Number of protein chains: 2
Amino acid sequence: MATESKLPMALRAAYLALHRRSEARFARYDVTADQFVLLATLARGDALTQRELARRMPSDPSTVRAMLVLLERRGLVQRDAHPTDSRARTVSLTAAGRRKFRQLWTAGEPVRAQMLGALEPSEAELLARLLTQVADALNAQSVPAGRSNSHHSQKVEP
Amino acid sequence: MATESKLPMALRAAYLALHRRSEARFARYDVTADQFVLLATLARGDALTQRELARRMPSDPSTVRAMLVLLERRGLVQRDAHPTDSRARTVSLTAAGRRKFRQLWTAGEPVRAQMLGALEPSEAELLARLLTQVADALNAQSVPAGRSNSHHSQKVEP
DNA sequence: TATTGTTATACTCTATAACTATA
DNA sequence: TATAGTTATAGAGTATAACAATA
């Protein structure tokens, strides 16, 4: 039971430390850590629909929409009609958005260096792998308690 | 550079997955994941000052105060005068708070099991250790950029 | 029918700064 | 002088539900 409670708290503490250090670094660019994640997600895969963007962040579509409104107002992202699906809109970085992202990437470098500096290279790889395993396991099953959804599905707990 | 950007995102994804699964589990008790952390911190070390509670969570004193006001209103925590320092107030769980915490602990069990189920026992230990290393490294130095504070201090970046 | 996105709404967490009272 | 806590204030992110338009 020692590890059982330690692991979630350690995960939380590490993430919050990362988040706060990032916030502090990005503050002078008037961008939050979460906005950085959005910009970084767009930088890697431009012209996503809002839903796809939300899925990758990961976040809620209506949350992402609220963030996009803020960023669009500042000219960092733009939304255009989707070429084939006229319900959808594609989101991309503007030129200013790409510039901002490059600045932020540089500004965040010390934080990434500080994380990696605490680890052996092999440990960093391992840590990333273990975190991914944990995230996958937690996301694998979002069945609301009490509704058993059929035979196949990683049963974890009622 | 692959790992350099992967690690922060993996950390974020794992934490958010944990946070959301926890929120879903705790929702029927009308307690948020962060409130659970506060209650758990009190359950482990009762009669803390607000500052000490904030330090352990970790969170900001004024954030903790806002949370305490909510929880106090619902009778889950109480604040009393500090025995020796009359500026300070001690925070503790009420009987109802302790009961609630036990319920929450049980409600969260499947989530913890799901995390640990994705890992070998030795991996779980290792993961907790690596996360602690990372958190310590990130917290070690919060020197505002541009102010070099003397000779000794883990220099990381200007 | 299901899906994309919008709108309205509400609440928690977050944090800074100015303040009081005490150490 | 420094510390514990309060207050005022502001904003971000979060998410649900009802809705329109389209697939």
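For the structure, check the block above.
Residue numbers restart at each chain and count upward from 1, following the sequence in its written direction. Working convention: letters from A go to chains and numbers from 1 go to ligands, in the order in which they are written. Local features are withheld for residues below a pLDDT of 70 in this predicted model, meaning they are given only at 70 or higher, and side-chain atom pairs are given and counted only at 80 or more; totals for whole chains, interfaces and linings count all residues. Side-chain figures throughout are based on the complete set of non-hydrogen atoms in the structure, without hydrogens or water.

Being near a molecule or strand, for a residue, comes down to having at least one heavy atom within 4 Å of it. For DNA strand C, the set of nearby residues contains 23 residues, the closest of which are Arg51(A), Arg65(A), Arg89(A), Thr32(B) and Ser86(B). Within 4 Å of the protein, the contacting atoms of DNA strand C are drawn from sugar and phosphate to the extent of 77%. Contact distances for DNA strand C include 3.1 Å between a phosphate oxygen and a side-chain N or O atom of Arg79(A). In the environment of DNA strand C, a sugar or linking oxygen lies 2.6 Å from a nitrogen or oxygen atom belonging to the side chain of Ser86(B). Counting from the N terminus, the helices are the DSSP runs of H or I reaching at least four residues and the strands are the DSSP runs of E reaching at least two. Considering each element in turn, the surface near DNA strand C owes the most residues, five residues, to helix α4 (residues 61–73) of chain B. Three residue categories are used. Nonpolar comprises Ala, Val, Leu, Ile, Met, Phe, Trp, Tyr, Cys and Pro, charged comprises Asp, Glu, Lys and Arg, and polar comprises the others, including Gly. Its residues assigned to classes, the surface near DNA strand C comprises four nonpolar, nine polar and 10 charged. In protein, a polar contact requires one atom able to donate a hydrogen and another able to accept it; more generally it is a pair of N or O atoms within 3.5 Å, and residues adjacent in sequence count only if both atoms are side-chain atoms.

What follows is about the packing of aromatic side chains. Centre-to-centre distance and the angle between the planes together describe a pair of aromatic rings. Aromatic contacts are taken between Phe, Tyr and Trp rings whose centres are within 6.5 Å, Trp giving its six-membered ring; a plane angle under 30 degrees counts as stacked, one over 60 as edge-to-face, and the others as tilted. Inspection of the entire model under this criterion finds seven aromatic pairs over all chains. Both a distance and an angle decide whether a charge sits over a ring: NZ of Lys or CZ of Arg must be within 6 Å of the ring centre and within 35 degrees of the ring normal. Over the aromatic face of Trp105(A) sits the side chain of Arg112(A), whose NZ or CZ is 3.6 Å from the ring centroid.

Structurally, the position occupied by Ala27(A) is in the loop between α1 (2–26) and α2 (33–44). Sequence-wise, Ala27(A) and Thr94(A) are 67 residues apart; in three dimensions their C-alpha atoms are separated by 21 Å.

Here a residue-residue contact requires only that any non-hydrogen atoms of the pair lie within 4.5 Å. On the chain A side, the residues contacting the 59 residues of chain B number 59 residues. The junction of chain B with chain A conceals about 5,800 Å² of combined surface from both sides, 70% of it contributed by carbon and sulfur atoms. Contact with chain A buries area across many residues of chain B, yet Leu7(B), Arg12(B) and Leu138(B) alone supply 13% of it, more than any other trio. Salt bridge criterion: a side-chain nitrogen from Lys or Arg within 4 Å of a carboxyl oxygen from Asp or Glu. Taken together, chain B and chain A are joined by four salt bridges. Close ionic contact of Arg12(B) with Asp34(A) constitutes a salt bridge, the shortest N to O distance being 2.6 Å. Throughout, the accessible surface (probe 1.4 Å) given up by two parts as they are put together, summed over both, is called the buried area.

This part covers the sheet that holds strand β1 (residues 48–49) of chain A. Residue and element names in this part refer to chain A. A pair of strands is considered paired only if DSSP assigns at least 2 bridges between the two. Judged by pairing direction, the sheet is antiparallel, and its three strands sit side by side in the order β1-β3-β2 without closing on themselves. The strands lining the two open edges of the sheet, one partner per strand, are β1 and β2 (77–81). Relative to strand β3 (residues 89–93), β1 runs antiparallel, the two being bridged by two bridges. Note on β3: the bridge partner recorded for leucine 48 is valine 91. Whenever a helix is involved, its axis is fitted only over the stretch in contact; in every case the axis is a line through C-alpha atoms, and angles between N-to-C directions fall within 0 to 180 degrees. Its contacts with the sheet put α2 on β1, β2 and β3, and the angle it makes with β3 is roughly 100 degrees.

Before going further, it helps to examine the sheet that holds strand β2 (residues 77–81) of chain B. Residues and elements named next belong to chain B. Taken together, three strands build an open sheet; the order of strands is β1-β3-β2 and the sheet is antiparallel. Edge positions in the sheet fall to β1 (48–49) and β2, since each of these pairs with one other strand and no more. Where helix α2 (residues 33–44) meets the sheet, its contacts fall on β1, β2 and β3 (89–93), and the angle it forms with β3 comes to roughly 100 degrees.

All names here are of chain B. For aspartate 46, the position within the fold is in the loop between α2 and β1. Residue aspartate 46 is classed as partly exposed on the basis of its relative accessible area, which comes to 40%. Residues aspartate 46 and leucine 126, 80 residues apart in the sequence, show an inter-C-alpha distance of 29 Å. Setting aside residues no more than four positions away along its own chain, aspartate 46 makes contact with Val91, Ser92 and Leu93. Think of it in three bands: residues with accessible area under 20% of the maximum for their type are buried, residues over 50% are exposed, and the middle band is partly exposed, with areas taken using a 1.4 Å probe on protein chains only.

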